Amino acid sequence: QLQLVESGGGLVQPGGSLRLSCAASGYPLDYLAIGWFRQAPGKEREGVSCIAGGGGRTNYVDSLEGRFRISRDTANNTVFLQMDSLKPEDTGYYYCAARSSSCSSYVSAFHAWGQGTQVTVSS
């Protein structure tokens, strides 16, 4: 059974960086699309980025303006989200999730979720 565990969150000042990890067990990530989502207090969960299975095509929400980068380490069955130039509005709980093969921006399209990791951007 696929399990996902996020790590790497924390408190960072505006302009700083964090790298989130999504470690998978029970199934090889090569065949899955892994999405990163975030949820700010009082707001709905939103898609941030996704890497597809197979060739690893990536996509990002437009509002990120190129500040985040998703990548996959096949040998360690882990997906990363490198977050640079962080802003206070990036604050939220970040989750990774899995679905078969292709990416989707819909929360409901993903069938396996990690427990999340908190990211706080504040001075």
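Residue indices follow the written sequence of each chain, beginning from 1 at its first position. Reporting of local features is limited, given that this is a predicted model, to residues whose pLDDT is at least 70; pairs of side-chain atoms are given and counted only at 80 or more, and all residues count toward the totals for whole chains, interfaces and linings. Excluding hydrogens and water, the side-chain values take into account all heavy atoms of the structure.

**Student:** How should the overall build of the protein chain be read in this particular structure?
**Tutor:** Per the secondary structure count, the protein chain includes zero helices and eleven strands. A helix here means a DSSP run of H or I that spans at least four residues, while a strand means a run of E at least two residues long, and both kinds are numbered starting from the N terminus. Secondary structure elements of the protein chain occur, N-terminal to C-terminal, as β-β-β-β-β-β-β-β-β-β-β. The reference for a compact globule is 2.2 Å times residues^0.38; the radius of gyration itself is calculated from the C-alpha atoms. Computed over C-alpha atoms, the radius of gyration of the protein chain comes to 13 Å, within 12% of the 14 Å expected from 2.2 N^0.38 for 123 residues, which places it in the range of a compact globule. Counting only C-alpha atoms and orienting by the principal axes, one finds that the protein chain spans roughly 40 × 25 × 25 Å. Only protein chains enter the accessibility calculation, which uses a 1.4 Å probe; a residue is then buried when its area is under 20% of its type maximum, exposed when over 50%, and partly exposed in between. Looking at the protein chain as a whole, 43% of its 123 residues qualify as buried. For the protein chain, the share of sequence-separated contacts (at least 6 apart) that also reach a separation of at least 24 residues comes to 57%. Whether two residues touch is decided by their heavy atoms; if any such pair falls within 4.5 Å, the residues are in contact.

**Student:** Any chance you could explain the side chain of Glu6 here in plain terms?
**Tutor:** Inspection of the secondary structure puts Glu6 in strand β1 (residues 3–7). As used in this structure description, the phrase polar contact means that two N or O atoms lie within 3.5 Å; if the pair is within protein, one of them must be able to donate a hydrogen and the other to accept it, and residues adjacent in sequence are counted only when both atoms belong to side chains. Within the local environment of Glu6, its side chain forms a polar contact with the backbone nitrogen of Gln115, the two atoms lying 2.9 Å apart. When sequence neighbours within four positions are dropped, the list of residues in contact with Glu6 reads Ser21, Cys22, Trp36, Tyr94, Tyr95, Cys96, Gly114, Gln115, Gly116 and Thr117.

**Student:** Which parts of the structure should I look at to understand the pattern of salt bridges?
**Tutor:** By definition, a salt bridge exists where a carboxyl oxygen of Asp or Glu is found within 4 Å of a side-chain nitrogen of Lys or Arg. Scanning the model with the defined rule gives four salt bridges in all. When the shortest N-O distance is used, the salt bridge between Lys87 and Glu65 registers 3.1 Å. Of the two residues, Lys87 sits in the loop between β8 (78–83) and β9 (92–100) while Glu65 sits in the loop between β6 (58–60) and β7 (68–73), which places them 22 residues apart along the sequence. Its relative accessible area of 26% is what places Lys87 among the partly exposed residues. On the accessibility criterion, Glu65 (59% relative accessible area) is exposed.

**Student:** Hey, could you run me through the sheet that holds β1 in this one?
**Tutor:** Pairing between sheet strands relies on hydrogen bonds along the backbone, with the strands arranged either parallel or antiparallel. Taken in spatial order, the four strands make up an open sheet running β1-β3-β8-β7, and their pairing is antiparallel. In this open sheet, the two strands that pair with only one neighbour each are β1 and β7. Looking at each pair of strands side by side, their axes are set apart by 15° on average, direction ignored. Strands pair, by our definition, only if DSSP identifies at least two bridges between them. Of the strand pairs in this sheet, strand β3 (residues 18–25) and β8 are connected by six bridges, and their pairing is antiparallel. When the sheet's bridge partners are listed, Cys22 is paired in β8 with Val79. Fitted lines through C-alpha atoms give the axes, limited to the stretch in contact for helices. The angle between two N-to-C directions lies from 0 to 180 degrees.

**Student:** I keep staring at the layout of surface pockets and nothing clicks. Help me out?
**Tutor:** The method is simple in principle: a probe with the dimensions of a water molecule rolls over the atoms, and the space it marks as empty is what remains. Computed over the protein atoms alone on a 1 Å grid, cavities are sets of points where a 1.4 Å probe fits but cannot get out and pockets are open sets with protein on both sides within 12 Å along at least five of seven lines; a residue lines them when it has an atom within 4 Å of a point. Grid points are joined across faces, edges and corners, and a volume is the space filled by probe spheres set on the points. Estimates place the volume of the largest pocket at around 210 Å³. Contributing to the lining of the largest pocket are 13 residues, with Arg38, Lys43, Glu46, Glu89 and Asp90 lying nearest its centre. Only Asp, Glu, Lys and Arg are considered charged in this grouping, and only Ala, Val, Leu, Ile, Met, Phe, Trp, Tyr, Cys and Pro are considered nonpolar; every other residue, Gly among them, is considered polar. Looking at the lining of the largest pocket residue by residue, the class counts come to two nonpolar, three polar and eight charged.

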